[in-house]
Amino acid sequence: MSSSTNSAIPNQIILYGYPGSPYFRRVKQYLAYRQIGFAECPQTPILPRPTLTAIGVHYRRIPVLSIGKDIYVDSSAILSRLDALFPPSASHPGLAPTGLSQILFRTNTGSEGVFARCAGMLDSRFPAMKDPAFVKDRRDMMGPRWGADTSGKGRAEAAVGLRRVFTEVELLLTDGRDWIEGGKEMGRADAEAVWPIDWALSDLQASEYFNKSEFPRTLVWIERYRKVVKDAAAMAGKPTRVKGEDAVAFVKSAEYSDRETGVDRSDPLGLMEGAEVQVSPTDSGTSYKDRGKLVKLTRDEVSIAVKTDDGSEVRIHAPRWNFRVRAVDASAASKL
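First, a word on what this report is: a plain description of the structure on this page. (Residues numbered from 1 in each chain as written. Predicted model: local features only at pLDDT ≥ 70, side-chain atom pairs only at ≥ 80, totals over all residues. Heavy atoms only, no water.)

### Quick notes on the nonpolar core
Inference 1: The biggest cluster of nonpolar side chains holds 91 residues, and the ones touching the most others in it are Ile14, Tyr16, Leu82 and Trp221.
Inference 2: When residues in this core are grouped by element, the largest group, nine residues, is from helix H9 (residues 188-201). (Core = buried A, V, L, I, M, F, W, Y, C linked by side-chain atoms within 4.5 Å. Buried < 20%, exposed > 50% of the residue type's maximum accessible area, 1.4 Å probe, protein only. Helix = DSSP H or I, 4+ residues; strand = E, 2+ residues; numbered from the N terminus.)

### Concerning the packing of helix H2 (residues 22-33) against H9
Inference 1: Where H2 contacts H9, the axes come no closer than 10 Å and their chain directions differ by 140 degrees. Compared by their axis directions, H2 and H9 come out oblique. At the point where H2 passes H9, the crossing takes the right-handed sense. Here Pro22, Tyr23, Arg25, Arg26, Gln29 and Tyr30 of H2 come into contact with H9, specifically with Arg188, Glu192, Trp195, Asp198 and Trp199. (Axes fitted to C-alpha atoms, helices over the stretch in contact; angles between N-to-C directions. Parallel < 35°, antiparallel > 145°, perpendicular 65-115°, else oblique. Left-handed = near helix turned anticlockwise from the far one by under 90°. Contact = heavy atoms within 4.5 Å.)

### Examining the packing of aromatic side chains
Inference 1: Enumeration over the complete set of coordinates arrives at ten aromatic pairs.
Inference 2: A ring pair is formed by Tyr23 and Phe115, whose centres lie 4.7 Å apart and whose planes are at 55 degrees; its orientation type is tilted. With Tyr23 in helix H2 and Phe115 in helix H6 (residues 114-119), the pair connects residues that are 92 residues apart, well separated along the chain.
Inference 3: Residue Tyr23 is classed as buried on the basis of its relative accessible area, which comes to 15%.
Inference 4: We classify Phe115 as buried; its relative accessible area is 14%.
Inference 5: Their ring planes at 10 degrees and their centres at 5.2 Å tell us that Phe115 and Trp199 sit as a pair that is stacked. Of this pair, Phe115 sits in helix H6 while Trp199 sits in helix H9; the two residues are 84 residues apart in sequence, bridging distant segments of the chain. Comparing Phe115 with Trp199 shows no difference in burial state: the two are buried. (Phe/Tyr/Trp six-rings, centres within 6.5 Å; stacked < 30°, edge-to-face > 60°.)

This is the structure in structure tokens:
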């Protein structure tokens with residue numbers, strides 16, 4: 001890796017993903033709004049992804065974000081770490097602090113909530129759904145029945161669930177407020193609530209189910225959000241692009257950005273620091289497990305030390321929500 005590549009990685013942050021991923025877009029919009037500089041390493045929509053494999057990542061979903069030698073999987077873990085590293089300031093505008101609405105939307109817009117309804121809008125009208133390689137890849141991640149409905153009924157059923165979400169947002173905005181919690185600026189609750197339904201209306205062409213006469217305030221709220229993130233992206237400028245091999249070299253040569261270690265002794269799993277464990281999601285891509293030495297275990301986060309393709313060490317960080325952490329059976333592993 002050249003010294004010019006090393007200096008071209010703002011804040012030591014590299015975001016790995018592809019534009020069609022709503023989770024990738026969610027993180028990218030957050031970075032732009034917060035004016036946090038980063039580099040982008042484009043990935044393919046389907047496996048394999050040799051760049052991520054080379055830095056020791058088996059987790060198969062997008063996005064992934066590295067900060068130095070620390071690698072974060074799942075957008076919730078990514079945003080939590082960025083919040084901690086970049087508190088609100090004049091240089092890095094914060095999302096207006098909010099309360100209960102933020103918690104409710106954060107819990108319900110993920111893979112098993114609103115997002116699942118949005119994903120249900122995918123049907124045979126979209127070119128990707130006619131690509132055997134794409135369908136095979138997603139069935140590997142989501143299950144053998146994924147994408148099997150060609151009747152169009154699944155899309156309509158998903159719209160029923162989304163219309164309820166629109167109704168709830170419409171009620172929150174009834175008094176004329178611009179943002180969900182009533183602040184003058186976009187808040188965390190707005191950011192947590194809007195990204196999946198914005199994806200549904202744009203990429204998934206779901207606007208046929210949501211008209212201005214029925215959901216006037218919600219549609220204006222979505223347009224308001226789009227303008228805010230568009231203006232922020234213009235101010236931030238285009239992120240640095242980095243090639244896969246340069247990203248791999250940078251991560252391997254970097255320092256750890258998170259030096260916190262230790263295991264919460266009150267954790268129900270009863271694991272010890274240094275134990276060999278496997279970490280994997282519980283909602284999709286469950287067969288793709290990352291294995292390594294347990295470095296940190298808190299109520300919200302797990303971190304493990306793993307090996308890259310050349311044997312050097314990095315750390316993978318995942319959230320506890322919708323992730324499983326299990327000790328590796330040493331006797332079984334020795335027979336493999």
